[in-house]
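# Examination of the molecular architecture
Read off the chains here:
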Amino acid sequence: MAEAILSVRPRTSDPLPGFRLALFSTLLWVGLIVALPLTALVVRPWQEGLGAMTMALHDGRMFAALRVSFVTAFIAALINVPVGLLLTWTLVRVRLPGRRIVDALIDLPFAIPTAVTGITLATLYGPQGWLGKPLAHLGINIAYSTAGIVVALMFVGLPFIVRSVEPVLRGLPPEQEEAAGLLGASSWQTVWRVVLPSLLPATVSGFGLAFARGIGEYGSVIFIAGNQPFRTEIAPLLVVVRLQEFDYAGATSIAFLLLVASMLCLAGVAMLRRRVARGLISGVN
Amino acid sequence: MSVHIEKLIRRAPGNPDRLLLDRVSVDIPDGSFVALVGPSGAGKTTLLRSIAGLDPHSSGLLTIDGRDSSELTPRERNVGFVFQNYALFQHMTVAKNISFGLDVLPGRERPSKAEIDGRVKELLELIQLPNLGNAYPQRLSGGQRQRVALARALATNPKHLLLDEPFGALDPVVRRTVREWLRSLHDRLGLTTILVTHDQEEALDVADRLVVMQDGRIVQDADAGELEAHPATPFVMEFLGETLTFQGTVSGGLFLPEISHVVPFPVAIDEDGPAVALIRPHEVRLAADAGGAPVRRIGSRYGLSRLAVDLNGRIVEVLGSSNEQIFPSGAKLHIDAARLFRDGMLLSAKDGRHAAAA
């Protein structure tokens, strides 16, 4: 394996100078920043012995938390797809007054501390909040329910979709749409058959990013979720709870499962992306 | 199926004073093959896009088959359009690209799947790519993409074919083949074809008629022979090929060149005054003359010698008829075949025929 890596040679016409330097700095960097912590995470749970791990794996509360995390992240990312596409379309294609302001606002969820987001949403959707109160009259409870978690994750996930799709939509050659129109396609057919398929790989990427962020999201969720074990407790919170109980084996086994499940999900997203990218991205056929 | 355009004006979006098309009138009858030629920014593509209905015009009349184009839907317009960058749908296979125009037809008009497949197969044969139906456009070469774009445009049996710089991205050899193939296709399918190109040779090779444009206007609209014999302006002459220019005056039925070693020649022009003579390098005749201009052979082209003639410091390059032609003691230039212009207008056509004969 190591030999295989070391025997890598630059393509003869590669214009990038310092191939070795580039390769080794990349390996070192990825190793230190990404691989080392992940390896520690994979190794650590087994250090307490197999018993601790099996005990952790029989913990129903943990599986409930994992389920809450994955299901809410998935739903939030899924809802964000049409919303994000519509928003991107408006930003790129519609000459709205004030679209620059909207454009700047979209990135805010990246910038605000997630705890601030969480508290804001909890206040807004809480029983006495601006939105929570009228909704409560209609019998809809957002705060302290899984719906609340979804709302928080939609908020933090939206920019991923918009920012993934935006450059692709901007870069679409207008001639493709004109060609479709001249061939007799209605505007709906043009959007559905020509524009959206071109945006699909970027959309799936954005979905993957939003989904991944949603699984790991902590700060913005815990204030609005209510955090009832088995119902609205997310996996990252349970990790913290276990740590506070000095149950390191429990904490690391949740983390390990989160890691494995996340990797499986992201691999699935990557496969889906390859599938929809046929003909669109070089090297994908 | 004809296209008729009268006094068409298109103003630049955001700058109404700038005219992209300035009172353009042109008539394109059924079955003709017309090339719109001119330098970049002349308005060729703008005119083509107006005909296709892609860009609106500010005023004027544009009818397709006698019907006002503004009342026609893209489908009724019945045009196939090939874009400069081909604009193929990257996420669809070649076959899907070609069948697009049929796939989007409303249910009752749409042919059955088997019929569509048959049509795609037929078109793939037509463009000589029978085995590439399942490939994605990305994998194709420039020439193949171009033909796919053409097949896609032809799938719905349009009567008009509009092509925007269709050969621009192809290498010279492929260009020539595709050009010939396109011409035969035009004749076989009975199309009315309008081609935009900035390459005058291409236009001369393939089209029945050339519409020369400059600054949003049509300068001249004629066939190749007519353009060559009676170019409307010096620009047309220069645009269509290599040109030599000689300033001079018309006096007493003779054109008197300013520069020495160029022989005066008789012209049928009554009005004396300044004039400019334009001539193709191969139309210049050299005659040995002691004390004439020194001649040097600098190369050859099409089997002709390329000769540099030194006219008192101004070097002009002409094409001599044979390789042995050497003028040890110098030569004089005969330019009787020149077209004469005054104030940018044609005075006298090729070989001294009067411009009015046009």
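Residues numbered from 1 in each chain as written. Chains lettered and ligands numbered in written order. Predicted model: local features only at pLDDT ≥ 70, side-chain atom pairs only at ≥ 80, totals over all residues. Heavy atoms only, no water.

Here is the rule: UniProt positions are given in the numbering used here, feature names are shortened, and annotations may be inferred rather than shown by experiment.
Per an unreviewed UniProt entry, chain A carries the name Sulfate transport system permease protein CysT and comes from Acetobacter sicerae. Taken directly from UniProt, the Subcellular location (unreviewed entry) text for chain A runs: "Cell membrane". For chain A, the Subunit (unreviewed entry) comment in UniProt is given as "The complex is composed of two ATP-binding proteins (CysA), two transmembrane proteins (CysT and CysW) and a solute-binding protein (CysP)."

### Focus: the overall build of chain B
Where we set the bar: Only DSSP runs of H or I with at least four residues qualify as helices, and only runs of E with at least two residues qualify as strands; both kinds are numbered from the N terminus onward. Residue burial is assigned from relative accessible area. The probe radius is 1.4 Å, only protein chains are included, and a residue is buried under 20% of its type maximum, exposed over 50%, and partly exposed in between. The contact criterion used is simple: two residues touch if any of their non-hydrogen atoms lie within 4.5 Å. Residue burial considers only the protein chains on display, and all accessible areas are found by Shrake-Rupley using a 1.4 Å probe. The charge count includes Lys and Arg as positive and Asp and Glu as negative, but it does not include His or the ends of the chains. Lys charges are placed at NZ, Arg charges at CZ, Asp charges at CG and Glu charges at CD.
Looking only at helices and strands, chain B has nine helices and 22 strands in total. Its C-alpha atoms put chain B at 80 × 45 × 35 Å along the principal axes. In chain B, which comprises 358 residues, the proportion classed as buried is 53%. For chain B, the proportion of contacts with a sequence separation of at least 24, taken over those separated by at least 6, is 65%. Carbon and sulfur atoms provide 49% of the accessible area of chain B, an area that totals close to 15800 Å². Treating the 40 positive side-chain charges of chain B as one cloud and the 45 negative ones as another, the clouds have centres 7 Å apart.

### Considering the UniProt feature "transmembrane region" (unreviewed entry) in chain A
Under the feature "transmembrane region" (unreviewed entry), the UniProt entry names residues 21-43, 63-92, 104-126, 138-162, 191-212 and 248-272 of chain A. A helix fraction of 83% and a strand fraction of 0% characterise residues 104-126 of chain A, whose end C-alpha atoms lie 27 Å from each other.

### Focus on the domain arrangement of chain B
Residue and element names in this part refer to chain B. The test is simple: Note that the domain bounds were set by an automatic or database domain assignment. Once two parts are brought into contact, the accessible area they lose, counted with a 1.4 Å probe and summed over both, makes up the buried area. Think of a salt bridge as a Lys or Arg side-chain nitrogen and an Asp or Glu carboxyl oxygen that are within 4 Å of each other. In protein, a polar contact means a hydrogen-donor-capable atom and an acceptor-capable atom, both N or O and within 3.5 Å, with residues adjacent in sequence counting only if both atoms are side-chain atoms; elsewhere, any N or O pair within 3.5 Å suffices. Polarity classes work like this: nonpolar for Ala, Val, Leu, Ile, Met, Phe, Trp, Tyr, Cys and Pro, charged for Asp, Glu, Lys and Arg, and polar for all others, with Gly in that last group.
Assigned domains of chain B: these are domain 1 (3-231) and domain 2 (242-357). Both sides of the domain 1 and domain 2 interface together cover about 580 Å² of buried area, and 46% of this is carbon and sulfur. Three residues, Glu228, His230 and Pro231, lead the burial of domain 1 against domain 2; their summed loss comes to 78% of the area buried on that side. Counting every contact that joins domain 1 to domain 2 gives two salt bridges. For arginine 339, the salt bridge is made with glutamate 228, and the minimal N-O distance between the two is 3.3 Å. Our enumeration of links across domain 1 and domain 2 arrives at two residue pairs in polar contact (both at pLDDT 80 or more). Residue classes in the side of domain 1 that touches domain 2 are distributed as two nonpolar, one polar and one charged.

### A short note on the layout of surface pockets
All names here are of chain B. Spelled out, the test is: Lining residues are defined by having an atom within 4 Å of a point belonging to a cavity or pocket. Those points lie on a 1 Å grid over the protein atoms alone, cavities being sets where a 1.4 Å probe fits but cannot get out and pockets being open sets with protein on both sides within 12 Å along at least five of seven lines. Grid points are joined across faces, edges and corners, and a volume is the space filled by probe spheres set on the points.
Considered as a void within the structure, the largest pocket measures approximately 340 Å³ in volume. Residue lining of the largest pocket: 13 residues in total, with Gly241, Glu242, His282, Arg301 and Tyr302 positioned closest to the centre. Tallied by class, residues from the lining of the largest pocket come to five nonpolar, three polar and five charged. Structurally, the lining of the largest pocket is a two-domain feature, drawing no fewer than three residues from each of domain 1 (3-231) and domain 2 (242-357).

### Side note on the sheet that holds strand E6 (residues 79-82) of chain B
Residues and elements named next belong to chain B. Stated formally: DSSP bridges decide pairing: two strands pair if at least two such bridges lie between them. An axis is simply a line fitted to the C-alpha atoms; with a helix, the fit covers only the stretch in contact. Between two such axes, the angle follows the N-to-C directions and lies from 0 to 180 degrees.
Pairing in this open sheet of six strands is mixed, and the strands run E6-E7-E8-E3-E9-E10 from one edge to the other. Strands at the two margins of the open sheet, each flanked by one partner only, are E6 and strand E10 (217-222). Taking the axes of each pair of neighbouring strands and ignoring which way they run, one obtains an average angle of 15° across the sheet. Two elements, strand E7 (residues 160-164) and strand E8 (residues 192-197), share five bridges in a ladder whose sense is parallel. Bridging across to E8, aspartate 164 finds its partner in valine 196.

### Some details on the sheet that holds strand E2 (residues 15-28) of chain B
All names here are of chain B. Taken together, four strands build an open sheet; the order of strands is E2-E1-E4-E5 and the sheet is antiparallel. Because the sheet does not close on itself, it has two edges, and the strands there are E2 and strand E5 (67-68). Examined bridge by bridge, strand E1 (residues 3-12) and E2 share seven bridges and lie antiparallel to one another. Bridged to alanine 12 within E2 is asparagine 15. Strands in contact with helix H1 (residues 44-52) are E1, E2 and strand E4 (59-64); relative to E1, the strand with the most contacts, it is inclined by about 115°.

### Considering the pattern of salt bridges
If you walk through the whole model with that rule in mind, you get 31 salt bridges over all chains. Residues joined by salt bridges that share partners form a network here, namely Asp103, Asp107, Arg163, Glu166 and Arg170 of chain A.

### So, empty space enclosed by the protein
Scanning the entire structure with this criterion turns up one cavity of 30 Å³ or more. Counted as a void, the largest cavity has a volume near 50 Å³. As for the largest cavity, its lining consists of Ala179, Leu182 and Leu183 of chain A together with Val79, Phe81, Arg152 and Ala153 of chain B. The set of elements that each furnish at least two residues to the lining of the largest cavity consists of helix H10 (174-182) of chain A together with E6 and helix H5 (142-154) of chain B. When grouped by side-chain class, the residues that make up the lining of the largest cavity number six nonpolar, no polar and one charged.

### Remarks on the packing of helix H4 (residues 60-93) of chain A against helix H11 (residues 187-216) of chain A
All names here are of chain A. Note the cut-off: Roughly parallel covers angles under 35 degrees, roughly antiparallel covers those over 145, roughly perpendicular covers 65 to 115, and oblique covers all other angles. For a crossing to be left-handed, the near helix must be turned anticlockwise from the far one by less than a right angle; the clockwise case is right-handed.
Here H4 crosses H11 at 140°, and the two axes come no closer than 9 Å. Between H4 and H11, the angle is such that the two are oblique. You can see that H4 and H11 cross each other, and the crossing is right-handed. Every residue of H11 that contacts H4 at Ser69, Phe70, Ala73, Phe74, Ala77, Leu78, Val81, Leu85 and Trp89 is listed here: Val191, Val195, Leu196, Leu199, Thr203, Phe207, Ala210, Phe211, Gly214 and Ile215. Among the residues making up the contact of H4 with H11, the classes are represented as 16 nonpolar, three polar and no charged.

### Overview of the environment of tyrosine 144 of chain A
All names here are of chain A. Mapping tyrosine 144 onto the fold places it in the loop between helix H8 (132-137) and helix H9 (146-171). For the pair formed by tyrosine 144 and arginine 231, sequence separation is 87 residues and the distance between their alpha carbons is 9.7 Å. The residues contacting tyrosine 144, other than those within four sequence positions of it, are Pro127, Phe223, Ile224, Ala225, Gly226, Gln228, Arg231 and Thr232.

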